Amino acid sequence: MEQEGGNGRLFFRGLQNRSHEKMKLRKRKSTLYLSPPNSSERSGDLLGENIYLVLFTITSFVPDEYWQSLEVAHHMVSNILFLNITNYDSVQLLIWIPRLAQALLSAVADIRLYSLMKQLENQQMAKWVFFCQLCSWFTWYCCTRTLTNTMETVLTIIALFYYPLEGSKSMNSVKYSSLVALAFIIRPTALIPWIPLWTLVQYNFLKFNVLQNLGTFYGSHPWHWYFSQGFPAVLGTHLPFFIHGCFLAPKRYRILLVTILWTLLVYSMLSHKEFRFIYPVLPFCMVFCGYSLNHLKTWKKPALSFLFLSNMLLAFYTGLVHQRGTLDVMTHIQELCYNNPNISSASVFIMMPCHSTPYYSHVHYPLPMRFLQCPPDLTGKSQYLDEADIFYLNPLNWLYREFHNDSTLPTHLIIFSILEEEISAFLISSSYERTAVFFHTHLPEGRTGSHIYVYERKLKRKLNRS
C-alpha cells in the first residue's frame, strides 16, 4: 500500500492547517515591522516571530545546514548523559533546539542593527532599515537554519554595532575585534568583509577553498554570477530600493558599500558560488534600502506594500514548499524506526546525489544507513569520479554489480522520481515496492526529481511465489 507522505491530500491538508497560522503571522509581522523594538516587549515579540519562522521553515536549503552542524554535533553527543537521564533523548529535541537557539541569536542581531541605525540617524530612519531587514525573503529563509553562514551573519551584524563608525555611540574595539575573531573561527571566509586574522587550522580551510580552489568539485559558475544572478536574487524586490539608497546615503556609509562590493568581487574570483555565501552582507544592504524608503513621499505606502507582499510570497513558498521532500522522507524513516517492531532487521540506502538528505541527526536510531559517497579529489587525479558520479553513469549496471548477492540488499531504497524508470528492472527483479511518495520541488533539475520515492523490499511475497 503506497503512502502519500508529502504529496496529494496530506500535503495540501498540511498547508491548510497552516493557513490560519500564516494569516496571524502575517498580521503580527506587519505590525512588528512598523513598530521598532524600542522596548523589551517588542524585543520579545521579535523573538516570538523568529520562533514562528522555525516552525514555518520545513524545507531544506543546502546539505551544509545538516552536514556541517547537526550531523557533526549528533555524532559527538549522541550518548550524552543529560539527554538519557531526563528522557529528552528524542529526535525532535535534537533537531529543534539548535534552530531555536539560532532564532534567538538572529533576533538579537536584528535588534542590534536597529539600535545602531537609531544611534547613527534617528528612530524614523532606523525603523525603515529594520523593516527592510525583517521583510527580506532571504532573511526569512536563512535566519533560523543551522548554517555557519547564518551564524557568520549574526556575528557580523553584532560586530558592526561595536565597529567605530562615525556617529556611533556603542563603539568598543575589544568587543568588535572579539566578535570578528569568533566569526572567523566559525567560518574563515568572515575574513573577506572584515580583517585578516590567520591561524593554521583556518589556513587549511582557505587552502582548500581558495588557494587550491577545490570547491569547484561541488559546482562552478561564471565570474559574473554574483552580480548577474546571485546578488539580485538574494536582494529580491529590495534591489531597486538598494540602488536608490546608494545615491542617497551620506558619505560615512560608503565603507559599507565598499564592503559589499569588495565581498562580491572576492567571491566572484572563486569558481564555486552559492547564494548563502553573500548572506553576511545582506544587512549592510538594508541600510541603503532604509534610506530609500525614508526619502519616499508619495509612493511610500505602495512601496511598503509591494516589499512586504512580494517578500512574504517568496518566504512562504521557499519555507513551506520548495525542497521539502528531503526532510519529509527522513521524518518518515524516523517514524518507521519507532513504530515498527521489526525495524531491527531493516537497512536504508539513499540513492540520491550525496548529502541530499540529513542523516542520523534526523533519525537518531541505530539503523544501518548508507548514501552515495562524493569525497573531493585531494590527490589531483585527472578525470576523477566519485561513487555518486560512477553510479549515475549507469545506475542499473551499478546496482546489479553492487548487489550481486540478495543477502546484501537493503530493505528500503530512497530515490528521486527521475531515477525510477531507469532502474525499474532492478526494482522489479529484487521485489521492491513503492511504499511512500513525498513532494520535493516544482523545479526539478539535473539529478533532482520533483518527488522522492521510498521503496521497500517485500520478502514474504517473494517467498510465497516461490
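This structure is a prediction, so every number in the text was calculated from the model and none was measured. (Residues numbered from 1 in each chain as written. Predicted model: local features only at pLDDT ≥ 70, side-chain atom pairs only at ≥ 80, totals over all residues. Heavy atoms only, no water.)

Student: Quick question: what am I supposed to make of the packing of helix α13 (residues 254–268) against helix α14 (residues 282–295) here?
Tutor: Packed helices, taken two at a time, are described by their axes: the angle between them and the distance between them. One can describe the packing of α13 onto α14 by two numbers: an axis separation of 10 Å at closest approach and a directional angle of 135 degrees. Between α13 and α14, the angle is such that the two are oblique. Note that α13 runs across α14; the crossing there is left-handed. Contact residues: α13 offers Leu256, Leu257, Thr259 and Ile260, while α14 offers Phe284, Cys285, Val287 and Phe288. When its residues are assigned to classes, the contact of α13 with α14 shows seven nonpolar, one polar and no charged. (Axes fitted to C-alpha atoms, helices over the stretch in contact; angles between N-to-C directions. Helix = DSSP H or I, 4+ residues; strand = E, 2+ residues; numbered from the N terminus. Parallel < 35°, antiparallel > 145°, perpendicular 65-115°, else oblique. Left-handed = near helix turned anticlockwise from the far one by under 90°. Contact = heavy atoms within 4.5 Å. Nonpolar A, V, L, I, M, F, W, Y, C, P; charged D, E, K, R; others polar.)

Student: Could you clarify how one ought to interpret the side chain of arginine 99 in this entry?
Tutor: Relative to the elements of secondary structure, arginine 99 occurs in helix α5 (residues 91–120). In this structure arginine 99 is buried but unpaired, with glutamate 65 as the nearest side chain of opposite charge at 6.1 Å. If we ignore the near neighbours within four places in the chain, the residues touching arginine 99 are Leu53, Val54, Thr57, Thr144 and Thr146. (Buried < 20%, exposed > 50% of the residue type's maximum accessible area, 1.4 Å probe, protein only. Lys, Arg positive; Asp, Glu negative; His and termini not counted. Salt bridge = Lys/Arg side-chain N within 4 Å of Asp/Glu carboxyl O.)

Student: Help me out: how do you make sense of unusual backbone geometry in this one?
Tutor: Backbone geometry follows two general trends: most residues other than glycine have a negative phi, and most peptide bonds adopt the trans configuration. Despite not being glycine, histidine 364 shows a phi value in the positive range, around 50 degrees. By secondary structure assignment, the location of histidine 364 is in the loop between β2 (348–351) and β3 (369–371). Of note in the backbone geometry, serine 431 takes a positive phi value of approximately 65 degrees without being a glycine. With respect to the element layout, serine 431 can be found in the loop between α20 (424–429) and β5 (432–439). With relative accessibility at 9%, the residue serine 431 sits in the buried group.

Student: Looking at this structure, I do not really get the environment of tyrosine 455. What am I missing?
Tutor: Residue placement: tyrosine 455 occurs in strand β6 (residues 451–457). When its relative accessible area of 7% is taken as the criterion, tyrosine 455 is described as buried. Placed 20 residues apart in sequence, tyrosine 455 and threonine 435 show a C-alpha to C-alpha distance of 5.6 Å. Setting aside residues no more than four positions away along its own chain, tyrosine 455 makes contact with Thr411, His412, Leu413, Ile415, Glu420, Leu427, Tyr432, Glu433 and Arg434.

Student: Even after reading the chapter, I still don't get the environment of asparagine 50, so can you show me in this structure?
Tutor: Mapped onto the fold, asparagine 50 is located in helix α2 (residues 40–56). Note: C-alpha distance between asparagine 50 and glutamine 102 (52 residues apart in sequence) is 9.1 Å. Apart from the residues within four sequence positions on either side, asparagine 50 is in contact with Ala103, Ser106, Ala107 and Thr144.

Student: I keep staring at the side chain of threonine 237 and nothing clicks. Help me out?
Tutor: The topology assignment puts threonine 237 in the loop between α11 (225–235) and α12 (239–248). A polar contact of 2.8 Å, which involves the side chain of threonine 237, links it to the side chain of serine 310. Other than its neighbours up to four places away in sequence, threonine 237 contacts Phe306, Leu307, Ser310 and Asn311. (Polar contact = N/O pair within 3.5 Å; in protein donor to acceptor, adjacent residues only side chain to side chain.)

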